[in-house]
Amino acid sequence: STSSSEKINVSKNEGAGETEEPEISAAELSLMKKILRSKLIKSTNDVEVQRNDPNSPLYSVKSFEELNLNPNLLKGVYAMGFNSPSKIQETALPTLLADPPQNMIAQSQSGTGKTAAFVLASLSRVDSSKSFPQVIILSPTYELALQTGSVAKQMAKYCDDIKFRFAVRGEEISKGEKITEQVIVGTPGKVMDWALRYRFFDIQKIRVFVLDEADVMIATQGHHDQSIRVHKQLSKDCQMMLFSATYDQEVMDFAEIIVSNPVIIRLRKEEESLDNIKQFYVVCKNMDEKFSALSNIYGVISIGQAIVFCHTRRTASWLSEKLTKEGHAVALLSGDLQVDQRLAVLNRFRDGKEKVLITTNVCARGIDIDQVTVVVNFDLPIDQAGRADCETYLHRIGRTGRFGKVGLAINMVDGPRTLALLKQIADHFGRNILKLDAEDVDEIE
Ligand code: ADP
């Protein structure tokens, strides 16, 4: 294997093209967020509502009881540990459950309860005495479809008569067979084939059509057109629901094709802030000293979990090897991993099997760190031009909303150049970043 000194050179040469990681797709980033998150993201913002007929009443509920759900479905909701509806659910659910059915476009950041909302609403519309598909839920990828399907199955835990069928790669049906399950969860291409090409079910009998992750859908090759082709064959009175984490013209243009006369609801993303974050820096001479400092910190920090950001994949794997050799249990997440490997790493970290996750910038975009207490910038975030990347710094360190736990950020500085970068960051946010003695990290607790 290569010597560590060689790797140090690579890291000094920050931003070098050869060390850049492959881009991770929008679908994969979205999946990573889902896997890593174990809790609802709360919001202090208000839901904004837009509808054509401003006189039509709009209800909002504060409890699941008020929705008059099927008791077995309600039981499933409580069994999932949901006590009350999330912000977006308070407004979305009464409208989605109302009769006659109304179409909806809903946008809020990931983690705010959209999936739970459309799963609950669509399961409520299933007539389980009938054995044919009544609900289609479209997801952008195989993994996202399975993820949504597993939420739906959990919620339908006490509804024995509701059955699910995955329309994803690897699932085959023999010619002439008819699907008897009431809920189909799948990807656009496969659903299109099953519905239009092979006619494994009667698409005209679909009562609820859900398009999840519309923004990821249009970012994925072919999905836009396939979704529209499926949609075209649906009956006029099928209820259409479209969900998206982001809201821009492209998403709205797509949404307007799929969802006619919608109620549009939005929950604006809460700004990330550095309130409640204690920020420090440690001065080190080189990468080995950075490693020692990190190792000391690791020994001291007993609270919660940490994420360590490195600039390149090589630094990340070097660091992970060294920490592992010292007997620490660390997880390494980098862009070269296969999707399933990446998920395995995230699952283990979420379950607390490792306390430290070492990662690179590319992966960082798929990580919401609200449950992580310590963030270490082994390398400071810089942009292409080598300037301090304040936005990335905020995304790594910051928390959304007033609900975020108190956090700790530690920056490794290895010379005047990085110290200057850190000063730019401190000035940009108007906050002090305090110097920490590498040998004496006790003072941070
Ligand atoms: P989104 O689809 O917007 O990303 P999810 O529906 O996946 O959000 O919800 C995010 C997390 O919050 C999940 O872990 C989910 O189980 C949980 N959750 C959803 N709704 C509630 C609720 N009403 N109460 C508590 N937790 C919830």
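So, here is what we can say about the structure in this document. Since this is a predicted model, take the numbers as computed values, not measurements.

### Some remarks on the sheet that holds strand β17 (residues 434–436)
Part 1 of the argument: Taken together, the seven strands give an open sheet; going across it, the order is β12-β13-β11-β14-β16-β10-β17, and neighbouring strands pair in parallel fashion. If you trace the sheet from one side to the other, it starts and ends with β12 (330–333) and β17, each paired once. Sheet twist, expressed as the mean angle between neighbouring strand axes with direction ignored, is 25°.
Part 2 of the argument: Relative to strand β14 (residues 374–377), strand β11 (residues 306–310) is paired through four bridges, and the arrangement is parallel. Within the sheet, the bridge partner assigned to phenylalanine 309 lies in β14 and is asparagine 377.

### Here's the deal with helix α15 (residues 390–397)
Part 1 of the argument: Within α15, six of the eight residues are buried, which leaves it mostly tucked inside the rest of the structure.
Part 2 of the argument: If you check which residues of α15 are buried, you get Cys390, Thr392, Tyr393, Leu394, Arg396 and Ile397.

### Section: the site of the ligand
Part 1 of the argument: Close to the ligand lie 17 residues; Ser84, Gln89, Gly111, Lys114 and Thr115 are nearest.
Part 2 of the argument: A distance of 2.9 Å is found between an oxygen atom of the ligand and a backbone nitrogen or oxygen belonging to glycine 113.
Part 3 of the argument: In this structure, alanine 116 approaches the ligand through a main-chain N or O atom, which is 3.0 Å from an oxygen atom.
Part 4 of the argument: Protein burial of the ligand: of its 560 Å² of free accessible surface, 82% is covered by the chains.
Part 5 of the argument: Top contributing element to the shell around the ligand by residue count: helix α5 (residues 114–124), with three residues.
Part 6 of the argument: When grouped by side-chain class, the residues that make up the shell around the ligand number five nonpolar, 10 polar and two charged.

### Structural notes on helix α9 (residues 223–232)
Part 1 of the argument: Taken as a whole, α9 has its buried residues at His223, Ser227, Ile228, Val230 and His231. Buried residues in α9, looked at end-on, bunch into an arc of 160°, giving them a common side.
Part 2 of the argument: Each element contacted by the buried residues of α9 is listed here: β3 (135–138), α7 (188–197), β6 (208–211), α8 (214–219), β7 (239–244) and α10 (249–258).

### Thoughts on the nonpolar core
Part 1 of the argument: Core analysis: the biggest nonpolar cluster contains 45 residues, and Leu120, Leu123, Met155, Val183, Met241 and Ile265 have the highest contact counts within it.
Part 2 of the argument: Looking at which element gives the most residues to this core, the answer is α5, with seven residues.
Part 3 of the argument: When near neighbours in sequence (up to four residues on either side) are disregarded, valine 183 contacts Leu123, Val126, Val135, Ile137, Ile162, Lys163, Phe164 and Arg165.
Part 4 of the argument: Listed in part, the 42 residues of the second largest apolar core include Leu144, Leu274, Leu343 and Tyr393.

### A closer look at empty space enclosed by the protein
Part 1 of the argument: Considering all chains together, one arrives at three cavities of 30 Å³ or more under this definition.
Part 2 of the argument: Taken as a whole, the second largest cavity spans an internal volume of roughly 40 Å³.
Part 3 of the argument: What lines the second largest cavity is Ile41, Lys42, Ser43, Ser108, Gln109, Thr112, Leu267, Arg268 and Glu270.
Part 4 of the argument: For the lining of the second largest cavity, the residue count by class is two nonpolar, four polar and three charged.

### Looking at a negative patch on the surface
Part 1 of the argument: Negative charge collects at one region of the surface, where Asp248, Glu250, Asp253 and Glu256 lie side by side.
Part 2 of the argument: Tracing the backbone through its elements, the reader meets glutamate 256 in helix α10.

### Considering the sheet that holds strand β1 (residues 47–50)
Part 1 of the argument: In spatial order, the strands read β1-β8-β2-β7-β6-β3-β5-β4; together these eight strands make up an open sheet with mixed pairing. One side of each edge strand has no neighbouring strand; the edge strands of this open sheet are β1 and β4 (164–167). Recorded for the sheet is a direction-independent mean angle of 15° between the axes of neighbouring strands.
Part 2 of the argument: Pairing of β1 with strand β8 (residues 263–267) involves four bridges; the strand directions are antiparallel. Paired with glutamate 48 across the two strands is arginine 266, which belongs to β8.
Part 3 of the argument: Contacts from helix α4 (residues 87–97) reach β1, β2 (104–108), β7 and β8, with the element oriented near 170° to β8.

### Description of the packing of aromatic side chains
Part 1 of the argument: In total, this model carries seven aromatic pairs according to the counting rule given.
Part 2 of the argument: The interplanar angle of 85° and the centroid separation of 6.4 Å between the aromatic rings of phenylalanine 64 and tyrosine 78 together place this pair among those described as edge-to-face. You can see phenylalanine 64 sitting in the loop between β1 and α3 (71–79) and its partner tyrosine 78 sitting in helix α3, a full 14 residues away along the chain.
Part 3 of the argument: By relative accessible area, tyrosine 78 is classed as partly exposed at 31%.
Part 4 of the argument: Between the aromatic rings of tryptophan 194 and phenylalanine 200, the centroid separation amounts to 6.1 Å while the plane-to-plane angle is 80°, which identifies the pairing as edge-to-face. Comparing tryptophan 194 with phenylalanine 200, the two get one shared label, buried.
Part 5 of the argument: Aromatic ring contacts, followed pair by pair, group Trp194, Tyr198 and Phe200 into a single cluster.

### Description of the packing of α5 against helix α6 (residues 142–155)
Part 1 of the argument: Axis separation between α5 and α6 bottoms out at 10 Å; the angle between their running directions is 55°. With respect to each other, α5 and α6 are oriented oblique. Both α5 and α6 take part in a crossing whose hand is right-handed. Contacts between α5 and α6 involve Thr115, Ala116, Phe118, Val119, Leu120 and Leu123 on the former and, on the latter, Thr148, Val151, Ala152 and Met155.
Part 2 of the argument: Grouping the constituent residues of the contact of α5 with α6 by class yields eight nonpolar, two polar and no charged.

### Structural notes on the pairing of β11
Part 1 of the argument: Of all five residues making up β11, five are buried, and the element is well covered by its neighbours.
Part 2 of the argument: The alternating pattern of β11 places Ala306, Val308 and Cys310 and Ile307 and Phe309 on opposite faces, both of which are buried.
Part 3 of the argument: As paired elements, β11 and strand β13 (residues 356–360) share five bridges and run parallel to each other. Each bridged residue has a counterpart across the sheet, and for cysteine 310 the counterpart in β13 is threonine 360.

Basis of the calculations
Residues numbered from 1 in each chain as written. Predicted model: local features only at pLDDT ≥ 70, side-chain atom pairs only at ≥ 80, totals over all residues. Heavy atoms only, no water. Pairing = 2+ DSSP bridges. Helix = DSSP H or I, 4+ residues; strand = E, 2+ residues; numbered from the N terminus. Axes fitted to C-alpha atoms, helices over the stretch in contact; angles between N-to-C directions. Buried < 20%, exposed > 50% of the residue type's maximum accessible area, 1.4 Å probe, protein only. Near = heavy atom within 4 Å. Polar contact = N/O pair within 3.5 Å; in protein donor to acceptor, adjacent residues only side chain to side chain. Areas by Shrake-Rupley, 256 points an atom, 1.4 Å probe, with all protein chains shown as cover. Nonpolar A, V, L, I, M, F, W, Y, C, P; charged D, E, K, R; others polar. Arc of directions from axis to C-beta. Contact = heavy atoms within 4.5 Å. Core = buried A, V, L, I, M, F, W, Y, C linked by side-chain atoms within 4.5 Å. 1 Å grid on protein atoms, 1.4 Å probe; cavity = no way out; pocket = protein on both sides within 12 Å on 5 of 7 lines; lining within 4 Å. Points joined across faces, edges and corners; volume = space filled by probe spheres on them. Patch = residues over 30% accessible without salt bridge, like charges linked within 9 Å, V, L, I, M, F, W, Y side chains within 5 Å. Salt bridge = Lys/Arg side-chain N within 4 Å of Asp/Glu carboxyl O. Lys, Arg positive; Asp, Glu negative; His and termini not counted. Charge placed at Lys NZ, Arg CZ, Asp CG, Glu CD. Phe/Tyr/Trp six-rings, centres within 6.5 Å; stacked < 30°, edge-to-face > 60°. Parallel < 35°, antiparallel > 145°, perpendicular 65-115°, else oblique. Left-handed = near helix turned anticlockwise from the far one by under 90°.

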